[in-house]
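Observations on the model geometry
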Amino acid sequence: TSRRQRQMCIRDRDKQTMSEENKFNFKKCWLDLSPAEREAFAAEAGTTSHYIQTHLTGRRKMPRKRLMDGLFKACKAREWTRNKNDLVLYFCDL
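One structure accompanies this document, and this report is about it.

Some details on the packing of aromatic side chains
Applying the stated criterion across every chain, the model contains 8 aromatic pairs. With 6.5 Å between their ring centres and 20° between their planes, Phe26 and Trp30 make a pair best called stacked. With Phe26 and Trp30 both in helix α2 (residues 26-31), this residue pair falls 4 residues apart, about one helical turn. Seen from their ring centres, Phe26 and Tyr90 are 5.9 Å apart, and the 55° between their planes marks the pair as tilted. Of this pair, Phe26 sits in helix α2 while Tyr90 sits in helix α6 (residues 84-92); the two residues are 64 residues apart in sequence, bridging distant segments of the chain. For the pair formed by Phe26 and Tyr90, the shared burial category is buried.

Structure, rendered in structure tokens:
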């Protein structure tokens, strides 16, 4: 992860005001998709469904900017979140 991403995570974590039950949960949204919907989501985000399943749902990796932008675009299109910070916090809040 870049220094900027780490700083963003720390700053946003400190400012976090969302309650636990209202937090955006990327994994839950992902698992609610059918296999065909997962393929479409991944293609729209610029990656593969296997990569998302293996590395992102378990928060093993922090997506770089290009992938984070693609994930946000795909999430926003499905009305999962309207705020990119929610998506970033999902990956930062380990």
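Picking up where we left off.
Focus on α6
Since the α-helix turns once every 3.6 residues, residues separated by three or four places project in the same direction. Counting buried residues along α6, 7 of its 9 residues qualify, which places the element largely inside the surrounding structure. Those residues of α6 lying buried are Asp86, Leu87, Val88, Leu89, Tyr90, Phe91 and Cys92. One side-chain oxygen of the residue at the start of α6 lies 2.8 Å from the amide nitrogen of Asn85, identifying that residue as Asn83.

What to know about the nonpolar core
In terms of nonpolar packing, the biggest core is built from 23 residues, with Phe26, Phe41, Leu71, Leu87 and Phe91 touching the most fellow members. Element by element, the count of residues in this core is highest for helix α5 (residues 65-77), at 6 residues. Apart from residues no more than four positions distant in its own chain, Leu87 is found in contact with Phe24, Phe26, Met68, Leu71, Phe72 and Cys75.

Let's talk about the packing of helix α3 (residues 35-45) against α5
Each packed pair of helices is defined by two parameters, the angle between the axes and the distance between the axes. Running from N to C, α3 and α5 cross one another at 135°; their axes reach a closest spacing of 7 Å. Here α3 lies oblique to α5, going by the angle between them. Seen along the crossing, α3 lies across α5 with a hand that is right-handed. Residues Phe41, Glu44 and Ala45 of α3 pack against Leu67, Gly70, Leu71, Lys73, Ala74, Cys75 and Ala77 of α5. Residue classes in the contact of α3 with α5 are distributed as 7 nonpolar, 1 polar and 2 charged.

Section: unusual backbone geometry
Phi at Arg59 takes a positive value of approximately 55°, unusual for a residue other than glycine. With respect to the helices and strands, the residue Arg59 is situated in the loop between α4 (49-56) and α5. We classify Arg59 as partly exposed; its relative accessible area is 31%. Positive phi outside glycine occurs at Glu79, with the angle close to 60°.

The rules behind each value
Residues numbered from 1 in each chain as written. Predicted model: local features only at pLDDT ≥ 70, side-chain atom pairs only at ≥ 80, totals over all residues. Heavy atoms only, no water. Phe/Tyr/Trp six-rings, centres within 6.5 Å; stacked < 30°, edge-to-face > 60°. Helix = DSSP H or I, 4+ residues; strand = E, 2+ residues; numbered from the N terminus. Buried < 20%, exposed > 50% of the residue type's maximum accessible area, 1.4 Å probe, protein only. Polar contact = N/O pair within 3.5 Å; in protein donor to acceptor, adjacent residues only side chain to side chain. Core = buried A, V, L, I, M, F, W, Y, C linked by side-chain atoms within 4.5 Å. Contact = heavy atoms within 4.5 Å. Axes fitted to C-alpha atoms, helices over the stretch in contact; angles between N-to-C directions. Parallel < 35°, antiparallel > 145°, perpendicular 65-115°, else oblique. Left-handed = near helix turned anticlockwise from the far one by under 90°. Nonpolar A, V, L, I, M, F, W, Y, C, P; charged D, E, K, R; others polar.

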